[in-house]
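Observations on chain architecture
Each chain, letter by letter, is given below.
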Amino acid sequence: MPDIIIVLQMFSRVFDAHSDQTEVFDHAAQPLLQRFLRGENSVVFAYGMTNAGKTHTIQGTSQRPGLLPRLVSKILDHVGMHNGWELHASMLEVYQESIYDLLGKKREKMSIRDGNGKVEVAKLSSHPIANTQDSFRLMDLAASKRSKSSTFLNTGSSRSHAVYTLTLTRPTDDGCDIMSTAFQLVDLAGAERR
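Model, not experiment: these values are computed from the prediction.

**Overview of the overall build of the protein chain**
- On a plain count of helices and strands, the protein chain comes out with four helices and eleven strands.
- When the accessible surface of the protein chain is split by element, carbon and sulfur atoms take 52% of a total near 12,400 Å².

Printed below as a string of C-alpha cells:
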C-alpha cells in the first residue's frame, strides 16, 4: 500500500479583490523587509492561476506601485542613511527549463553554477538602483523581454517564471569586509488547463 501524505497549509492572511497594493505590501513584505535590512535573505512567491494578478502584485503601475518598487523605495530610504551601502537588481526568467537574463543585452541560455557554496546563475547581469525610476525602467525592460503567449484566460500571459533579485551590499560592522543579502520576488507562471 502506498504511503499517504497529508499536507496542511495555513495562511496567515488572505487578500480579497478589494485589497490594495499598500495593504498587501504592509502585511506580506514589510516584515521581511525589516529582516532583510538586518542581514537576512528573503523570498516572496506569487503563485496562482493565470490572470490572478501575480505580476501586477509584484510590479504594479506608476500610480499603484507593487511590491518591487515599494521595496526599492524603502530600501533606498535606508541606504541613504548609511555610507557604503548599495542596491543592485537582477532579473531572470525560467522558460521551458532554460534560464535567460531579462536585463541582458542579448537573449541567450544561461547556466547555474556553484559560486563558493552558493548557487548562482553564471554571468547574470546586475544593475545599480539609485532611485525608484531605475526600478520601473528595469521592470519595464524585463517585462518586454519576458516570454508571453495567448492562453484561454489571458491573451498576453507570462509563460515563464520570473525572479527579481534585489541585492544589498554594505560594510560589515567592523568595516573590514563587505556583506551581501538578497531579497527575491518570484513571479511564477500561471497555471490553467487548456
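**Observations regarding the pattern of salt bridges**
- For the structure shown, the criterion picks out five salt bridges.
- With a shortest N-O distance of 2.7 Å, Arg113 and Glu120 are connected by a salt bridge.
- Overall, Glu120 belongs to the partly exposed group, its relative accessible area being 29%.
- Where Asp187 meets Arg146, a salt bridge forms, and the shortest distance between an N and an O atom there is 2.9 Å. Residue Asp187 is found in strand S11 (residues 178-187), and its partner Arg146 is found in the loop between helix H4 (132-145) and strand S8 (148-149); the two are separated by 41 residues along the sequence.
- Assessed through its relative accessible area of 1%, Asp187 is described here as buried.

**Observations concerning the pairing of strand S5 (residues 112-115)**
- Taken together, the four bridges between S5 and strand S6 (residues 118-121) define a ladder with antiparallel strand orientation. Residue pairing across strands places Asp114 opposite Val119, the latter belonging to S6.

**Thoughts on the packing of aromatic side chains**
- Enumeration over the complete set of coordinates arrives at one aromatic pair.
- Pairing Phe36 with Phe183 gives two aromatic rings, centres 5.6 Å apart and planes at 80 degrees, and the pair type is edge-to-face. Here Phe36 is found in helix H1 (residues 21-37), whereas its partner Phe183 is found in strand S11, with 147 residues between them in sequence.
- Across the ring face of Tyr100, the terminal group of Arg107 is positioned such that the distance to the ring centre comes to 3.8 Å.

**A short note on the nonpolar core**
- Core analysis: the biggest nonpolar cluster contains 32 residues, and Leu68, Leu71, Ile75, Met91, Leu166 and Leu185 have the highest contact counts within it.
- Of all the elements in the fold, those that place two or more residues in this core are H1, strand S1 (42-46), helix H3 (67-79), strand S2 (86-95), H4, strand S10 (161-171) and S11.
- Of the residues forming this core, the biggest block, seven residues, is contributed by H3.
- Not counting residues up to four positions away in its chain, the partners in contact with Met91 are Leu68, Tyr100, Asp101, Leu102, Leu103, Leu124, Leu138, Met139, Ala142, Val163 and Tyr164.
- By size, the runner-up hydrophobic cluster in this structure holds six residues, among which are Leu92, Ile99, Val163 and Val186.

**Digging into H4**
- The first and last C-alpha atoms of H4 sit 20 Å apart over 14 residues, in line with the 20 Å expected at 1.5 Å per residue.
- Residues of H4 that are buried: Asp134, Ser135, Leu138, Met139 and Ala142. Axial view of H4: buried residues confined to an arc of 130 degrees, hence all on one face. Facing away from the buried side of H4 by over 90 degrees, the exposed positions are Gln133, Asp140 and Ser144.

**Points about the packing of H3 against H4**
- Interaxial distance between H3 and H4 falls to 9 Å at its minimum, and their mutual angle equals 150 degrees. One element, H3, and the other, H4, form an angle in the roughly antiparallel class. Note on packing geometry: the crossing formed by H3 with H4 is right-handed. Across the interface between the two elements, Leu68, Pro69, Val72, Ser73 and Leu76 of H3 pack against Thr132, Ser135, Phe136 and Met139 of H4.
- Along the lines of polarity and charge, the residues of the contact of H3 with H4 split into six nonpolar, three polar and no charged.

So, how was this worked out
Residues numbered from 1 in each chain as written. Predicted model: local features only at pLDDT ≥ 70, side-chain atom pairs only at ≥ 80, totals over all residues. Heavy atoms only, no water. Helix = DSSP H or I, 4+ residues; strand = E, 2+ residues; numbered from the N terminus. Areas by Shrake-Rupley, 256 points an atom, 1.4 Å probe, with all protein chains shown as cover. Salt bridge = Lys/Arg side-chain N within 4 Å of Asp/Glu carboxyl O. Buried < 20%, exposed > 50% of the residue type's maximum accessible area, 1.4 Å probe, protein only. Pairing = 2+ DSSP bridges. Phe/Tyr/Trp six-rings, centres within 6.5 Å; stacked < 30°, edge-to-face > 60°. Lys NZ or Arg CZ within 6 Å of the ring centre and 35° of its normal. Core = buried A, V, L, I, M, F, W, Y, C linked by side-chain atoms within 4.5 Å. Contact = heavy atoms within 4.5 Å. Expected span 1.5 Å × (residues − 1). Arc of directions from axis to C-beta. Axes fitted to C-alpha atoms, helices over the stretch in contact; angles between N-to-C directions. Parallel < 35°, antiparallel > 145°, perpendicular 65-115°, else oblique. Left-handed = near helix turned anticlockwise from the far one by under 90°. Nonpolar A, V, L, I, M, F, W, Y, C, P; charged D, E, K, R; others polar.

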